[in-house]
Amino acid sequence: MAGCGPAMLLLVLLGGFIPGRVDAQTSSGPDRAEAIYLKKMLSFVQWPTGPGLSEEAFRVCVAGGYRSSYVFAEEMRGTKVEGRKIEVRSVRKEESLKNCQVVFVGTPEPKQRARILESAKGTQMLTVGDNAGFLEAGGILEFTYAGSTMQFAINLRAAKNAGLKIDARLLALAQRVLTEKEAMGI
Amino acid sequence: MLRWRNISLHWQLMLLTMVSSSVGMVVAMTLLFIYNDHRIREDKVEELRSAADLIGTNSVAALVFEDQAEGARILQALHTRRHIRQGVLYRADGKIVARYQRAGFQGGPPEVSNPGSEVIRWTNDHLELSRPLELEDRKIGAIYLEASLEDLQQARRDSLLLRIPAFMLALLVVYLLTFLLRSSLTGPIQRLAKVAREVADRKNYSLRAPGLGGAELGQLGRDFNHMLVVIEAGNQELQEARDSLEARVRERTKELEKEIAERQRTAVMLLEAKQAAEAANDAKSQFLANVSHEIRTPMNGILGMTELALDTPLSVEQREYLGIVQGCAVSLLEIIDDVLDFSKIENGKIELEKIPFSILDCAENALQPVAVRAQQKGLGLEWYIRGELPEWVTGDPTRLRQVLINLLGNAVKFTEEGEITLGIEYLHGDGESHSAKFSVTDTGIGIPAENRAKIFEAFQQSDNSVTRQYGGTGLGLSISARLIALMGGELQLESEVGKGSTFFFELQWKRAEERESKSRQKLEQRKLPAARILVTDDREAGRELVCWLTSRWGLEADTAGTMEKAAALYAKSVEEGRPYAAALINLNLAGKDGHGLAKEIRRCAPYDATAIVMMSSAPSFVEDARTNDYRILQRLTKPLRRRILRECLNSALRGDERAVATEIKKPKEISGASCRILIVEDNEVNQKLAQKLLEKMGHEVRLVANGEEACQALQRHEFDLVLMDLQMPVMGGLEATRKIRVSEHDSTCGCARSAALRGRRNGRISEQADPA
């Protein structure tokens, strides 16, 4: 795997910041780093609130077969988003994505990815992926790796379509922001 | 140092203005400075806060994702703020994420600061702010900012530099303004002061102050003017009042002069009236004296002739009539004497003598004439002496005797039964001066309290009915009271109606040398032998008198008030083997006969052991058989006379058996030596009376009518005695006596001389022709 080395380096860095979690992350690989990042990012994203939603758990779904939802569940345990408990689920079928607020698309396979993104259209889901071309495929947040550092890019148009507001401060940290214009150009 | 009050008003005003504006400016500037400083500091904090807000908000994501580069980039934005010299971002655990330092700032990073809330800290040269950064209520780190205070200090310096010249400029402006405006304030005051000075200097109250500007000054000017108006008016009124006062004074002076003149006239009239009254009074006294004298002369005739007639053989009826005539004449004479005395006292013409006399003699002499009357009424008459009374004093024995006789006589007059007691009580003395209290006590009718003061007034008695019952002029007490007052005492009275009265007074005398006659001295020198005697008398006064006298004669006296006690005492003395040498027994012993005691004494002891002397005041006190039965030595009549008592005791103690039955002796006939006597008297009645009386005594009498004749008679004949009247025609008694003395014809003119001298002293006629 090409992204394995830099992810490990970041993990070392993170481990310096978050002591006590190094052991758990070593076996989990880049998934864990991404889970931590995602968890932090949830504070900078604003979902449109609808009736009845606040009663339910904030659902983070992991789609894409082999990617284990275990690491996500472990990292996000106890965290709350806008007062709602986070619930991590592993999803196999596109139909099951209905009630998810965040969907992590782990599959590198373009067809499956497209199918998932297609089913996410018209919903208020934050789509997150770590494969190249995810933004261009219509995803909102993409984890990228530049050398030793894990970075992220944001598709502002997709976010707007999904009705999500991304904090500017987060945007300031993004390695690449795909504005409406750029997205239209693709 | 210049005193504030000596500084001129102008400079006072200047100083006041300058000082007050300076103070005001300093206060204002200080307040402004404080406010500005506060504002600057507030701004400073606010600026730092806003910077912290901005940086903090912006750096949240960088902190969350621990993006150091982004943090540094955000902090770099601080370089636009000149005063912020350092900024630091911390992670939640205190580690530094990013740090910014202004170029040229030398200080290191601050100590690790991880505040729970915003902290602002001022130091000398900088301001610090540290504040926690949060995301969704979670603390994600902290920000620290540090601002330099150089600008603040600079601002302070600048404002101070700016304010000093501003202050000076303001003061200058104030000075100039005050200088320009002062005259508007001080000018009017100075003008007013000038007017006041002029008014004071020239006393010109018609001046007026000019109108002054300003409310207070204007009012002051108006008030000043008003005051001047009032003073002017007041002055005018004062002048008018003075004028009118002078007029009134003149008027009043005239009135007063008139009044004084009138009073003087009144005074003169009063004086004249007084003189007239005095003259009238004198005339009255003179008249009384003359009338008394004129009455006394024929009264002497009546009395003397009556006495002579009574000595002739008469029938019982004639004798009785003549007795009544004599009694009436004596009464009349007493009345005339009283009136004369009273008149003398009233006119202050009584002069008291100051000669040595014996108080005891005086008392005895006063008792004697009263004793007869008391005996006639069956009254007891006692006297006693208490205390160490000096016998001889200097005073007026005649007047004292007169007073005592008067009081005793009154007592006898107003007492029907009982006794009269004369008490002499020595009070005190200091060798020279001695005082004694005299009292006359009776058991008479008494005097009601309401009349006690009145009875000393002239012509008053206890009440008018008393006068009718007892007779008398009522002058006696009045005369006595006045005589006592003249002698320096006061006649006082204690009385109980129905029980009796006590009149008493106190007198004071100088002690005098004893002047005893030779015969008396001889008598006194014959000392009594020391002996014990027993005095038995139911009257305390009687016992007291005998004790007082006998103790001075060296005798020891025991007393008894009753027969029983006396008998017991006597029996005891016999038992002791020394019976009393003499026993004095009162005839009346509380109703019992004193002879009973005599009998008892004789029964107890041999007759020669004790001499018995009986005493009594009863008039029927005569010898009877018992005198011999009990060998009674002598009978003494009360009131006791000292000489008699002494002689009696002397004979009793010496065993002299010469018994004298009674001490009342018949008047001794002047026998033996017949004298040749010249009577010089112009009044025929008196001539006759004197002649008859003297011839009756066996003397050879020759009569002449005046002094000249007396002198002629003395040249031709020899006389043993000359009796000379004072007031006679041709030549008076005084002149004749002088003439006789000059020619030294005869040395036996004693009586005449003494009569003459007495007449000169009293300045009036003293009749000494009492036939008794």
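Computed from a predicted model, the values in this text were never measured in an experiment.

Peer 1: Just checking my understanding: could you explain the overall build of chain A for this structure?
Peer 2: If you tally the helices and strands in chain A, you get eight helices and 10 strands. In chain A, which comprises 186 residues, the share counted as buried stands at 48%. Within chain A, contacts between residues separated by at least 24 positions form 57% of all contacts whose residues are at least 6 apart in sequence. Here chain A has roughly 9,200 Å² of accessible surface; of this, 53% comes from carbon and sulfur atoms.

Peer 1: Which parts of the structure should I look at to understand the overall build of chain B?
Peer 2: Regarding its fold elements, chain B presents 20 helices and 22 strands. Per-residue burial over chain B gives 41% buried out of 772 residues. Of all intrachain contacts in chain B linking residues separated by at least 6 positions in sequence, the fraction that spans at least 24 positions is 66%. Carbon and sulfur atoms make up 54% of the accessible area of chain B, which totals about 43,500 Å².

Peer 1: Just checking my understanding: could you explain the interface of chain A and chain B for this structure?
Peer 2: How big an interface is tends to be expressed through the accessible area that disappears when the partners come together. Between chain A and chain B, the residue contacts involve 10 residues of the former and 14 residues of the latter. Across the chain A to chain B interface the summed buried area is about 1,200 Å²; carbon plus sulfur atoms make up 62%. Along the contact surface separating chain A from chain B lie zero salt bridges. On inspection of chain A and its partner chain B, the count reaches two residue pairs in polar contact (both at pLDDT 80 or more). For the side of chain A that touches chain B, the elements supplying multiple residues, two or more each, are helix H3 (30–41) and helix H7 (168–173) of chain A. Tallying contributions element by element places H7 of chain A first for the side of chain A that touches chain B, with four residues.

Peer 1: What am I meant to see in the sheet that holds strand S21 (residues 700–704) of chain B here?
Peer 2: Strand pairing in a sheet relies on backbone hydrogen bonds. The paired strands run either parallel or antiparallel. Residues and elements named next belong to chain B. Taking strand neighbours across the sheet as the criterion, the three strands line up as S21-S20-S22 in an open arrangement whose pairing is parallel. Since the sheet does not close on itself, it has two edges, and those belong to S21 and strand S22 (721–724), each with one partner. Strand-to-strand, the axes of this sheet are offset by a mean angle of 20°, without reference to chain direction. Bridge count between strand S20 (residues 676–680) and S21: five bridges; the pairing is parallel. Within S21, the position partnered with Arg-676 by the bridge is Glu-700. Where helix H18 (residues 707–716) meets the sheet, it contacts S20, S21 and S22, and its direction lies at approximately 160° from that of S20.

Peer 1: Sorry if this is basic, but what is going on with the sheet that holds strand S4 (residues 126–135) of chain B here?
Peer 2: Residue and element names in this part refer to chain B. Strand order in the open sheet made by the five strands is S2-S1-S5-S4-S3, with antiparallel pairing throughout. The open sheet has two edge strands with one neighbour each: strand S2 (96–101) and strand S3 (119–122). Taken pair by pair, the neighbouring strands of this sheet meet at an average axis angle of 10°, ignoring direction. Pairing of S4 with strand S5 (residues 138–148), which is carried by 10 bridges, proceeds in the antiparallel orientation. Within the sheet, the bridge partner assigned to Leu-127 lies in S5 and is Ala-147. Packed onto the sheet, helix H3 (residues 68–76) meets strand S1 (84–91) and S2 and runs at close to 30° relative to S2.

Peer 1: In this structure, what is going on with unusual backbone geometry? I would like to understand it.
Peer 2: Phi is mostly negative for residues that are not glycine, and the peptide bonds are mostly trans. All names here are of chain B. A cis amide bond, omega -5°, links Lys-638 with the succeeding residue Pro-639. By the secondary structure assignment, Pro-639 is in the loop between strand S19 (632–637) and helix H16 (642–653). One non-glycine residue, Glu-66, adopts positive backbone phi at about 50°. Here Glu-66 is to be found in the loop between helix H2 (60–64) and H3. For Glu-66, a relative accessible area of 16% gives the class buried. With a phi close to 55°, Lys-203 is a non-glycine residue in the positive phi region.

Peer 1: I keep staring at helix H4 (residues 150–202) of chain B and nothing clicks. Help me out?
Peer 2: An α-helical turn contains 3.6 residues, so a residue and the one three or four places further along point in the same direction. With 53 residues, H4 of chain B extends 75 Å from end C-alpha to end C-alpha; this agrees with the ideal 78 Å at 1.5 Å per step. By the largest-angle criterion, Leu-181 of chain B marks the main kink of H4 of chain B, which is about 40°.

Peer 1: How should I be thinking about the packing of helix H1 (residues 9–58) of chain B against H4 of chain B in this particular structure?
Peer 2: The relative placement of two packed helices is expressed as an angle between their axes plus a distance between the axes. Residues and elements named next belong to chain B. Interaxial distance between H1 and H4 falls to 8 Å at its minimum, and their mutual angle equals 155°. Here H1 lies roughly antiparallel to H4, going by the angle between them. Remark: the crossing between H1 and H4 carries right-handed chirality. Here the contact of H1 with H4 is composed, by residue class, of 22 nonpolar, eight polar and seven charged.

Peer 1: Explain the side chain of Thr-144 of chain A here, please?
Peer 2: Residues and elements named next belong to chain A. Inspection of the secondary structure assignment puts Thr-144 in strand S7 (residues 141–146). A relative accessible area of 16% means that Thr-144 is categorised as buried. Reaching out from Thr-144, the side chain makes a polar contact with the side chain of Gln-175 at a distance of 3.4 Å. The residues touching Thr-144, leaving out its near neighbours within four places in the chain, are Thr-149, Met-150, Gln-151, Phe-152 and Gln-175.

Peer 1: I'm lost on the side chain of Gln-687 of chain B in this one. Help?
Peer 2: All names here are of chain B. Mapping Gln-687 onto the fold places it in helix H17 (residues 684–696). Among the polar contacts listed, one links the side chain of Gln-687 to the backbone oxygen of Glu-681, at a separation of 2.4 Å. Here Gln-687 is in contact with Glu-681, Asp-682, Leu-703, Val-704 and Ala-705, once residues within four sequence places are set aside.

Peer 1: So what exactly am I meant to see when it comes to the confidence of the model for chain A here?
Peer 2: Residues and elements named next belong to chain A. Across chain A, the average pLDDT comes to 75, with 75% of residues at or above 70. Of all the helices and strands in chain A, helix H2 (residues 22–26) carries the lowest mean pLDDT, 35, while strand S6 (residues 126–129) carries the highest, 90. Per-residue pLDDT stays below 50 along residues 1–28; that stretch engages in 25 contacts with residues further than four places along the chain or on separate chains.

Peer 1: Any chance you could explain the pairing of strand S10 (residues 433–441) of chain B here in plain terms?
Peer 2: Each regular strand shows side chains that alternate between the opposite faces of the sheet. Residue and element names in this part refer to chain B. Counted residue by residue, S10 has seven buried out of nine residues, so it is predominantly covered. Here strand S9 (residues 419–429) runs beside S10; their pairing, made up of eight bridges, is antiparallel. When the sheet's bridge partners are listed, Tyr-426 is paired in S10 with Ala-436. If you look at the hairpin formed by S9 and S10, you'll find three residues sitting between the two strands, and Gly-431 has a positive phi there, around 90°. As paired strands, S10 and strand S12 (residues 500–511) are joined by nine bridges and run antiparallel to one another. In the strand pairing of S12, Thr-441 is matched with Thr-502.

Peer 1: Teacher, can you tell me more about H16 of chain B here?
Peer 2: Look at H16 of chain B: 16 Å from first C-alpha to last across 12 residues, which is about the 16 Å you get at 1.5 Å a residue. The element H16 of chain B is extensively covered by neighbouring structure, given that 10 of its 12 residues are classed as buried.

Peer 1: Just checking my understanding: could you explain the pattern of salt bridges for this structure?
Peer 2: A side chain with one charge may pair with a side chain of the opposite charge, provided their charged atoms come close. This model, assessed by the stated rule, comprises 40 salt bridges over all chains. For Arg-169 of chain A, the salt bridge goes to Asp-167 of chain A, with nearest N and O atoms at 2.8 Å. A salt bridge links Arg-642 of chain B to Asp-361 of chain B; the nearest nitrogen and oxygen atoms lie 2.2 Å apart. With Arg-642 of chain B in helix H16 and Asp-361 of chain B in helix H7 (residues 359–377), this residue pair connects regions lying 281 residues apart in the sequence. The residues Arg-642 of chain B and Asp-361 of chain B share a single accessibility class, namely buried. Because the salt bridges share partners, they merge into one network encompassing Glu-46, Arg-49, Asp-53, Glu-118 and Arg-131 of chain B.

About the cut-offs
Residues numbered from 1 in each chain as written. Chains lettered and ligands numbered in written order. Predicted model: local features only at pLDDT ≥ 70, side-chain atom pairs only at ≥ 80, totals over all residues. Heavy atoms only, no water. Helix = DSSP H or I, 4+ residues; strand = E, 2+ residues; numbered from the N terminus. Buried < 20%, exposed > 50% of the residue type's maximum accessible area, 1.4 Å probe, protein only. Contact = heavy atoms within 4.5 Å. Areas by Shrake-Rupley, 256 points an atom, 1.4 Å probe, with all protein chains shown as cover. Buried area = accessible area lost by both parts, 1.4 Å probe. Salt bridge = Lys/Arg side-chain N within 4 Å of Asp/Glu carboxyl O. Polar contact = N/O pair within 3.5 Å; in protein donor to acceptor, adjacent residues only side chain to side chain. Pairing = 2+ DSSP bridges. Axes fitted to C-alpha atoms, helices over the stretch in contact; angles between N-to-C directions. Expected span 1.5 Å × (residues − 1). Bend = angle between axes of the 7 residues up to and from the residue. Parallel < 35°, antiparallel > 145°, perpendicular 65-115°, else oblique. Left-handed = near helix turned anticlockwise from the far one by under 90°. Nonpolar A, V, L, I, M, F, W, Y, C, P; charged D, E, K, R; others polar. pLDDT = per-residue confidence, 0-100.

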